[in-house]
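Spelled out from the first residue to the last, the chains are:
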Number of protein chains: 2
Amino acid sequence: GGARGALALYENFPHEDLTFIVNTGDDFQHLGLEIWPDWDTVVYHLGQVQEVSRGWGRRDEGVRAMEELSRLGAPDWFHLGDRDVALHLFRTYQRNEGVGKASLCQAICRRFTITARVLPASEESLQTGLLTEEFGELSFQDYFVKKQCRAKVCEVLHKNASQVKLTEGVYEAIADCEVLLMAPSNPFLSLQPMLEIPLLWEALEKCRGRKLAVSPLIGGRAVKGPLDSLIETLSPLSGQAAVAQFWEGRVDTLLLPKDEIADIEDSSLEAKPCHTWLKTPDDRQLFARDFKEALL
Amino acid sequence: GGARGALALYENFPHEDLTFIVNTGDDFQHLGLEIWPDWDTVVYHLGQVQEVSRGWGRRDEGVRAMEELSRLGAPDWFHLGDRDVALHLFRTYQRNEGVGKASLCQAICRRFTITARVLPASEESLQTGLLTEEFGELSFQDYFVKKQCRAKVCEVLHKNASQVKLTEGVYEAIADCEVLLMAPSNPFLSLQPMLEIPLLWEALEKCRGRKLAVSPLIGGRAVKGPLDSLIETLSPLSGQAAVAQFWEGRVDTLLLPKDEIADIEDSSLEAKPCHTWLKTPDDRQLFARDFKEALL
């Protein structure tokens, strides 16, 4: 949802006005590589090189590196496409050479001819733990990829959020923006991890701009991913009401499908109708139109 | 030549009797990866996964990772196939995790179902410098790949050979062997670097077995690579006579094409006829037959 929302803004607003702050809670080290799944997915979308059918990864991607890693007995639970590997490898090398995170991101974006800023939220990855009924504590990737979200999550643990530094440019981008839009992503797994960073929270408090969120639910259900079951166990409410409760006190306005506005009538948030299905360029234009409308 | 010679032995002798000691003078770090071109080439040949037409690299290899590295502005003068990258990545990761070189090599060989030992000569890579007329001193890869050997070499510098340690098992394999065969490789670039390691030399002196070398020249010329021009500038002799002079005092016997035996009549080496063209399985069988004959 986050990457598709980002693409909708990118296609319909002046690029120089846009800064995307991306979750670093999925980032991890694997086979010595720096892997940033959310940042890559946003960059692949904005660079129009994403595999459209899947929502992650590259178009015209290959499996030869992965075949060889399997042959060699390397862990193969996390899929690495041949093009992915190159990006991870380049990034890891540059980082080990001491290149700063923000300038590295800018350089990569330039190579994908992306003319907006795409900043990982924090310098360090956010270590997210999932306390599950079946397996005890799992790391994010263990839960999300290894177990394919097949575990009942009792609690989300933000293990190092209070220690991490924001990536250069993030504080200013948030504190000084006119409009802040929270993406239609999983609130518990993709947004809360960032909101747990004290400096990010401080920037949000400082920000005098409009603050809006987009609900990731359509028809009261997650389009994909484990959000439905997370709401069930982590929220006293359900569907859009649960999403609204998550955002209360944090944003002013929640964008959601028109015929679901009634679902959050108990919320203190202002509800605005929005086309939130983000598949085609037309969808994304409708989203941008409704978003502009909501700002009036 | 070395990899094809190794395959000829592998196809025609009991595997448990064979240990291949491979040059580490081409090894280097690139984009943070441990790259061992000679060792990989031997393993790809013995594992029968090599690209036959080229003499290096993998069959059914892909270029996606390389395309992306180029896109990202990473150095692209050294070609990395998608399958190559996986091997380099796995090896680098394992080495950084502290896995020993010999046991890592054994594990990789097992995954390629190779049942002989293939040992890199040294724990550290051999830093070979080429003093050239045109560019001054070049590193091995700069000379071999970047400049494609287009430089007149005045001298080969063995920069750290006296400091490196042999890989576990190499000393014993050489000191205790019954027959030692020097591969039909470039003497200056693939064999001399190993011979500069004092401990390897000590093992050779200790070895009471038969010592033979195979000339890499056919019809007095290199099959490929820069050997012809290296002989021209580095040796007072030419063709097979130069190769023979290189091996004098180091081996007893030189194997070379039958009608070129007369070319080394001034040498103290015993000359034995050998089919040294190593393209097809039949070629390799003829080589093995002549090698056995020479041992009688």
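Owing to the predicted nature of the structure, the values given are computational and were not obtained by experimental measurement.

Q: Can you lay out the pattern of salt bridges for me, pointing to particular residues and giving the numbers?
A: For the structure on display, the rule yields 32 salt bridges over all chains. Measuring nitrogen to oxygen at the nearest pair gives 2.7 Å for the salt bridge that ties A:Asp60 to B:Arg64. Placement of A:Asp60 in the loop between α2 (37-46) and α3 (64-71) and of B:Arg64 in helix α3 (residues 64-71) is noted, with the two residues assigned to different chains. Under the relative-accessibility criterion, A:Asp60 is labelled partly exposed at 44%. We note a salt bridge from A:Glu68 to A:Arg71, for which the minimum N-O separation is 3.0 Å. Residue A:Glu68 and its partner A:Arg71 are located together in helix α3, separated by three residues, close to a single helical turn. Classification of A:Glu68 as buried rests on a relative accessible area of 2%.

Q: Tell me about the relation of the copies chain B and chain A, residues and numbers included.
A: For the pair chain B and chain A, the superposition axis carries a translation of 0.0 Å, the fit reaches an RMSD of 0.0 Å, and the rotation angle comes to 180°. In symmetry terms, the pair is related by a two-fold rotation axis. For chain B, the residue whose C-alpha comes nearest the rotation axis is B:Asp82, separated from it by 3.0 Å. Interface overlap between copies is the fraction of interface residues in one copy that are interface residues in the other; for chain B against chain A it reaches 100%, indicating a shared surface.

Q: I'd like a rundown of the domain arrangement of chain A, residues and numbers included.
A: Residues and elements named next belong to chain A. Taken domain by domain, chain A comprises domain 1 (26-118) and domain 2 (128-295). Centre-to-centre, using C-alpha coordinates, domain 1 lies 24 Å away from domain 2. Domain 1 puts eleven residues into the contact, and the matching count from domain 2 is twelve residues. Taken together, the two surfaces of domain 1 and domain 2 that pack against each other cover about 900 Å², and 57% of this comes from carbon and sulfur. Broken down residue by residue, the surface that domain 1 buries against domain 2 is led by Asp26, Trp77 and Ala102, which jointly contribute 53%. If you look at where domain 1 meets domain 2, you find zero salt bridges. At the boundary of domain 1 with domain 2, the tally comes to two residue pairs in polar contact (both at pLDDT 80 or more). Those elements that place two or more of their residues in the side of domain 1 that touches domain 2 are α2 and α5 (101-111). Of the residues assigned to the side of domain 1 that touches domain 2, the class counts are five nonpolar, one polar and five charged.

Q: For the sheet that holds strand β6 (residues 136-139) of chain A, give the residues involved together with the corresponding values.
A: Residue and element names in this part refer to chain A. One open sheet holds the three strands; their spatial order is β6-β5-β7, and the pairing between them is antiparallel. Single-partner strands in this sheet number two, and they are β6 and β7 (153-158). Across this sheet, the average inter-strand angle for adjacent strands is 25°, counted without regard to direction. In terms of strand pairing, strand β5 (residues 128-132) meets β6 through four bridges, oriented antiparallel. Bridging across to β6, Thr132 finds its partner in Gly136. Running over the sheet, helix α8 (residues 187-195) touches β5 and β7 and is turned about 25° from β7.

Each value, and the rule that gives it
- Residues numbered from 1 in each chain as written.
- Chains lettered and ligands numbered in written order.
- Predicted model: local features only at pLDDT ≥ 70, side-chain atom pairs only at ≥ 80, totals over all residues.
- Heavy atoms only, no water.
- Salt bridge = Lys/Arg side-chain N within 4 Å of Asp/Glu carboxyl O.
- Helix = DSSP H or I, 4+ residues; strand = E, 2+ residues; numbered from the N terminus.
- Buried < 20%, exposed > 50% of the residue type's maximum accessible area, 1.4 Å probe, protein only.
- Least-squares fit on C-alpha atoms with pLDDT ≥ 70 in both.
- Contact = heavy atoms within 4.5 Å.
- Domains from an automatic or database assignment.
- Buried area = accessible area lost by both parts, 1.4 Å probe.
- Polar contact = N/O pair within 3.5 Å; in protein donor to acceptor, adjacent residues only side chain to side chain.
- Nonpolar A, V, L, I, M, F, W, Y, C, P; charged D, E, K, R; others polar.
- Pairing = 2+ DSSP bridges.
- Axes fitted to C-alpha atoms, helices over the stretch in contact; angles between N-to-C directions.

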